[in-house]
Amino acid sequence: MQLSPLQLGPVRLATNLLLAPIAGYCDLAFRTVCREWGGVGLACTDLLSPQGLLRGTATSLDLARTNDFDKPVGMQLYGSDPDIMAEGARWAVEHGATVVDINMGCPVDKVTKKDGGSKLLTDLSRAVGIAERIVRELEKCPLSADDWARRIGDPAFTPQSPRIPVPLTCKIRLCWHTADFEAGRACSPRLARMLAEVGVVAVTVHGRTTEDKFAGTVRHDGIARVVEAVDGCIPIIGNGDVREPADAEAMIRATGCSGVMIGRGALSTPWLFRDTWAHLRRAGLGSPSSEHPDAVETLSPLPPTDEQKIATIRRYFELAREYRGDHYAMTQITRRVSWFSKRLGFNPDGTRSGLKPFKEAIRLARSPVEVHTALNRYLAGELRAGCDVQTEDAIPAS
Ligand SMILES: Cc1cc2nc3c(=O)[nH]c(=O)nc-3n(C[C@H](O)[C@H](O)[C@H](O)COP(=O)(O)O)c2cc1C
């Protein structure tokens, strides 16, 4: 069993690993940090409102922000009106998307009450209608070979035809009601087949129902049923609960999925893609990507030191300042410090330093200088306590 390289339209991904959209977290600065560690085949913006993009609201434009390094990138749209979604898709193409994605999995009321996100799982003809309408729109605005070369970040890119549209993907859950899943009536296998028929090039399946929200463990059997249903017609990307490289291997072996999307695991471990791709290659699953310009060559990467981990936090903070300003960066560092701390403080003798003083110093910082001072003090061996009770994931699994 070996994974084939993931091909999305004209784009061949460097690895079969994708960074998930996580509203409020997977901003350009964070995507950049993950990409710098290596192993990211594709990263995605957080969910975007097409109305917001078309009106040019500051929040939507900030969320959609990308640059030449942030490639290949998916832009994810949510909503339920096919025409507005199609206009949003055109906007995404005009603003640097390598891939457009439709959110069909969000369980949050604000989104489902307007018939978007995972509400689409309850109305397959609407879901497929939106996808079909977007595919037709994307066909009307194909990109030239030069555009693609820039968008993929590969100047040597030579497409098979002169103008190729941006591909469409969808991100779904297993179905809305858990009882339907348990009775073998999940809609996702059928939906994935229907989406493939109208030209969707890949489907990501978060292996939970809408009712599950984020509780329990990911249902590999549900993802496997979708893989089986599409029968190799399009790649199915598995998603859910990958925190360690071995989790990705387990998901691929249990489901037969063609790639793995990682969300919350990346928030604590931005180098998880590098390590997971190396792990998959060692396990004989990942194919060498040496011909790709973004290839990750190291099969046994060294675990990052605390210095490197702190440098990663600093890098995120400085990029967030550069892209969105000090106020945004200060807010983000405060809400992310618990995530970043999950991988800090492991001592060579097997003990673990407590991180409460460090987290408090970051949360109490009132300026970027104070954030850097806290990071320096941690490196100097200060801000460590004898023990620390690790809290559960600090962000709401909304
Ligand atoms: C706070 C939060 C925000 C999320 N935002 C999005 C989103 O904008 N779009 C999306 O498709 N999924 C979103 N998700 C779902 C994740 O992409 C992913 O499917 C889910 O967290 C399971 O994967 P994981 O266990 O690797 O995190 C979000 C999840 C969380 C916890």
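Look a little higher up for the structure.
## Quick word on the packing of helix H15 (residues 326-341) against helix H16 (residues 356-364)
Closest axis-to-axis distance for the H15/H16 pair is 9 Å, and the angle between their directions is 165 degrees. Relative to H16, the element H15 is oriented roughly antiparallel. For H15 against H16, the interelement crossing comes out right-handed. Contacts from Ile-333, Thr-334, Val-337, Ser-338 and Ser-341 in H15 reach Phe-358, Lys-359, Ile-362 and Arg-363 in H16. Residue composition of the contact of H15 with H16, grouped by class: 4 nonpolar, 3 polar and 2 charged.

## Let's talk about helix H9 (residues 188-197)
Among the residues making up H9, those that are buried are Ser-188, Pro-189, Leu-191, Ala-192, Leu-195 and Ala-196. For H9, the arc enclosing every buried residue in end-on projection is 165 degrees, short of the 170-degree limit, so these residues lie on one face. Its buried side turned inward, H9 meets strand E6 (99-104), helix H6 (124-140), strand E9 (168-173), strand E10 (202-206), helix H10 (220-230) and strand E11 (236-239). In the stretch just after H9, Gly-199 is the one whose phi turns positive, near 105 degrees.

## Concerning the packing of aromatic side chains
Under the counting rule described, the total for this entry stands at 4 aromatic pairs. Summarising the aromatic geometry, the rings of Phe-30 and Tyr-316 are spaced 6.4 Å apart at their centres and angled 65 degrees between planes, so their arrangement reads as edge-to-face. Residue Phe-30 is located in helix H1 (residues 28-37), and its partner Tyr-316 is located in helix H14 (residues 306-324); the two are separated by 286 residues in the primary sequence. Accessibility classification places Phe-30 together with Tyr-316 in one group, the buried group. Positioned above the aromatic ring of Tyr-378 is the side chain of Arg-384, whose terminal nitrogen or guanidinium carbon lies 4.0 Å from the ring centre.

## Observations concerning the pairing of E10
Judged by how many residues are buried, E10 sits mostly within the fold: 5 of 5 residues are covered. Burial of the side chains of E10 extends over both faces: Ala-202, Thr-204 and His-206 are buried on one face and Val-203 and Val-205 on the other. By the bridge criterion, 5 bridges tie E9 to E10 in an arrangement that is parallel. Bridge pairing links Thr-169 to Ala-202 in E10. Bridge analysis of E10 against E11 gives 4 bridges, and the strand direction is parallel. Looking across to E11, one finds that Val-203 is bridged to Ile-236. With H10 bridging E10 and its parallel neighbour E11, the resulting β-α-β unit is right-handed.

## Section: the site of the ligand
Around the ligand there are 20 residues in total, and Pro-21, Gln-76, Asn-239, Asp-241 and Arg-264 lie nearest to it. At a separation of 2.8 Å, a nitrogen atom of the ligand approaches a polar backbone atom of Ala-23. Burial of the ligand by the protein chains amounts to 95% of its free accessible area of 610 Å². When its residues are assigned to classes, the shell around the ligand shows 10 nonpolar, 7 polar and 3 charged.

## Concerning the packing of H1 against H14
It is the contact of H1 with H14, at a shortest axis distance of 8 Å, that shows an interaxial angle of 140 degrees. Along this stretch, H1 crosses H14, giving a crossing that reads as right-handed. Here Leu-28, Ala-29, Phe-30, Thr-32, Val-33, Glu-36 and Trp-37 of H1 come into contact with H14, specifically with Gln-308, Thr-312, Arg-315, Tyr-316, Leu-319, Ala-320 and Tyr-323. In terms of residue class, the contact of H1 with H14 is built from 9 nonpolar, 3 polar and 2 charged.

## Brief notes about the pattern of salt bridges
Taken as a whole and assessed by the stated rule, the structure comprises 25 salt bridges. For Arg-274, the salt bridge goes to Asp-275, with nearest N and O atoms at 2.8 Å. Each member of the pair Arg-274 and Asp-275 is classed as buried. Connected through salt bridges with shared partners, the residues Asp-83, Arg-90, Arg-133, Glu-137 and Lys-140 form a single ionic network.

Reading the values: the criteria
- Residues numbered from 1 in each chain as written.
- Predicted model: local features only at pLDDT ≥ 70, side-chain atom pairs only at ≥ 80, totals over all residues.
- Heavy atoms only, no water.
- Axes fitted to C-alpha atoms, helices over the stretch in contact; angles between N-to-C directions.
- Helix = DSSP H or I, 4+ residues; strand = E, 2+ residues; numbered from the N terminus.
- Parallel < 35°, antiparallel > 145°, perpendicular 65-115°, else oblique.
- Left-handed = near helix turned anticlockwise from the far one by under 90°.
- Contact = heavy atoms within 4.5 Å.
- Nonpolar A, V, L, I, M, F, W, Y, C, P; charged D, E, K, R; others polar.
- Buried < 20%, exposed > 50% of the residue type's maximum accessible area, 1.4 Å probe, protein only.
- Arc of directions from axis to C-beta.
- Phe/Tyr/Trp six-rings, centres within 6.5 Å; stacked < 30°, edge-to-face > 60°.
- Lys NZ or Arg CZ within 6 Å of the ring centre and 35° of its normal.
- Pairing = 2+ DSSP bridges.
- Right-handed = clockwise from strand over helix to strand, strands pointing away.
- Near = heavy atom within 4 Å.
- Polar contact = N/O pair within 3.5 Å; in protein donor to acceptor, adjacent residues only side chain to side chain.
- Areas by Shrake-Rupley, 256 points an atom, 1.4 Å probe, with all protein chains shown as cover.
- Salt bridge = Lys/Arg side-chain N within 4 Å of Asp/Glu carboxyl O.

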